[in-house]
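The chain contents come next:
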Amino acid sequence: MTPLKYLQAYPAHLQEQVRKLLAEGRLGEYLHQRYPGRHDVQSDKALYSYALELKQEHLRNAPNLDKVLYDNRLDLTHRALGLHTAVSRVQGGKLKAKKEIRIASLFKEAAPQFLRMIVVHELAHFKESDHNKAFYKLCEHMQPGYHQLEFDLRIYLTWRDLPQ
Ligand SMILES: [Zn+2]
């Protein structure tokens with residue numbers, strides 16, 4: 001049985017569905033039907049505006065976002081699709097926490113739904129640091145259908161790893 005490294009947290013019957021699509025060579029078709037588009041958020045500047053807009057809409061009271069950028073060093077094998085950090089820096093004699101979000105560069109070429117999903121995920125971490133119930137509730141609030149999108153994103157990652 002092929003291990004599905006991006007889908008290991010999902011129930012066996014769901015993994016089985018993905019294995020079936022894989023075996024039939026239909027993973028690409030599954031994705032193309034549901035996610036035919038590509039977004040145009042191509043620069044770090046555009047990504048920052050994009051994230052800020054989502055934050056203003058849903059998390060007005062969360063701390064300010066200092067930086068949002070694409071990062072090609074995020075290691076997918078460690079399940080890091082995005083990163084959120086609060087880096088403490090001394091500024092004008094005061095300690096200030098800088099809020100940063102890094103998004104794996106592969107999302108540059110992804111469907112708009114996947115970009116939104118990952119940005120929502122990282123923004124939600126500013127309120128809930130763990131992947132607990134409250135965290136997913138917030139994600140689902142910011143992005144209805146969040147769970148399905150995260151599952152499909154993991155299918156997308158599985159597909160990307162296939163010899164093309
Ligand atoms: Zn997370």
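Described in the following lines is the structure provided in the data block. Along each chain, residue indices are assigned from 1 in the same order as the chain's sequence is written. Only residues with pLDDT of at least 70 are given local features in this predicted model, and only at 80 or more are side-chain atom pairs given and counted; all residues enter the totals for whole chains, interfaces and linings. Based on all heavy atoms of the structure, the side-chain values leave hydrogens and waters out of the count.

### Considerations on the overall build of the protein
Part 1 of the argument: Comment: elements are numbered from the N terminus, with helices defined as DSSP H or I runs of at least four residues and strands as E runs of at least two. Counting its secondary structure elements, the protein contains six helices and three strands.
Part 2 of the argument: We take the radius of gyration over the C-alpha atoms and set the globule estimate at 2.2 Å times the residue count to the 0.38 power. Taken over C-alpha atoms, the radius of gyration comes to 17 Å for the protein, in line with the 15 Å a tight globule of 164 residues would show.
Part 3 of the argument: Buried, partly exposed and exposed residues are distinguished by accessible area as a fraction of the type maximum, computed with a 1.4 Å probe on protein chains only: under 20%, between the cut-offs, and over 50%, respectively. The proportion of buried residues among the 164 residues of the protein is 42%.
Part 4 of the argument: When contacts within the protein are restricted to residue pairs at least 6 apart in sequence, those whose partners lie at least 24 apart make up 63%. Note on contacts: a residue pair qualifies if any of its non-hydrogen atoms lie within 4.5 Å across the two residues.

### A closer look at the coordination of the zinc ion
Part 1 of the argument: Coordination of the zinc ion by the protein involves His121 (NE2), His125 (NE2) and His131 (NE2), with metal-donor separations of 2.0 to 2.1 Å.
Part 2 of the argument: Each donor residue of the zinc ion belongs to the same chain, and together they define the spacing H-x3-H-x5-H.
Part 3 of the argument: Judged by its relative accessible area of 8%, histidine 121 falls in the buried class.
Part 4 of the argument: With relative accessibility at 7%, the residue histidine 125 sits in the buried group. A donor here means an N, O or S atom no more than 2.8 Å from the metal, or no more than 3.2 Å when the metal is Na, K or Ca. Since water is not included, a site may seem to lack partners.

### Re the pattern of salt bridges
Any two side chains of opposite charge can pair, so long as their charged atoms come close to each other.
Part 1 of the argument: Salt bridges, as used here, are contacts in which a Lys or Arg side-chain nitrogen is within 4 Å of a carboxyl oxygen on Asp or Glu. Counted by the stated rule, this structure contains nine salt bridges.
Part 2 of the argument: Note that glutamate 24 and lysine 20 form a salt bridge whose closest N and O atoms lie 3.3 Å from each other.
Part 3 of the argument: Among the residues examined, lysine 20 registers a relative accessible area of 52% and is labelled exposed.
Part 4 of the argument: Across the salt bridge formed by glutamate 24 and arginine 26, the nearest N and O atoms sit 2.7 Å from each other.
Part 5 of the argument: Overall, the relative accessible area of 39% leaves glutamate 24 in the partly exposed class.
Part 6 of the argument: What emerges from the salt-bridge pattern is a single network uniting Lys20, Glu24, Arg26 and Glu29.

### Let's talk about the packing of helix α4 (residues 112-124) against helix α5 (residues 133-142)
Part 1 of the argument: One can describe the packing of α4 onto α5 by two numbers: an axis separation of 9 Å at closest approach and a directional angle of 135°. The angle between the axes of α4 and α5 places the two elements in the oblique class. Where α4 crosses over α5, the handedness of that crossing is right-handed. On α5, the residues touching Arg116, Val120, His121, Leu123 and Ala124 of α4 are Phe135, Leu138, Cys139 and Met142. All axes here are fitted lines through C-alpha atoms, helices being fitted over the stretch that makes contact, and every angle between N-to-C directions spans 0 to 180 degrees. For classification purposes, angles smaller than 35 degrees are called roughly parallel, those larger than 145 roughly antiparallel, those between 65 and 115 roughly perpendicular, and all remaining angles oblique. Crossing handedness is defined as follows: a turn of the near helix away from the far one that is anticlockwise and smaller than a right angle gives a left-handed crossing, while the clockwise case is right-handed.

### Remarks on α4
Part 1 of the argument: Its 13 residues place the ends of α4 18 Å apart at the C-alpha level, agreeing with the 18 Å of an ideal helix rising 1.5 Å per residue.
Part 2 of the argument: Summarising burial for α4: ten of the 13 residues are buried, a large majority.
Part 3 of the argument: Every buried residue belonging to α4 is among Phe114, Leu115, Met117, Ile118, Val119, Val120, His121, Glu122, Leu123 and Ala124, and all of these are buried. A helix's residues, less one, multiplied by 1.5 Å, set its expected span.

### Comments concerning the side chain of glutamate 122
Part 1 of the argument: By the secondary structure assignment, glutamate 122 is in helix α4.
Part 2 of the argument: When charges are counted, Lys and Arg contribute as positive and Asp and Glu as negative, whereas His and the chain ends are disregarded. One buried charged residue, glutamate 122, forms no salt bridge at all, with the nearest opposite charge on arginine 154 at 9.0 Å.
Part 3 of the argument: With residues up to four places along the chain from it excluded, the contact list for glutamate 122 reads Gly82, Leu83, His84, Ile101 and Ile103.

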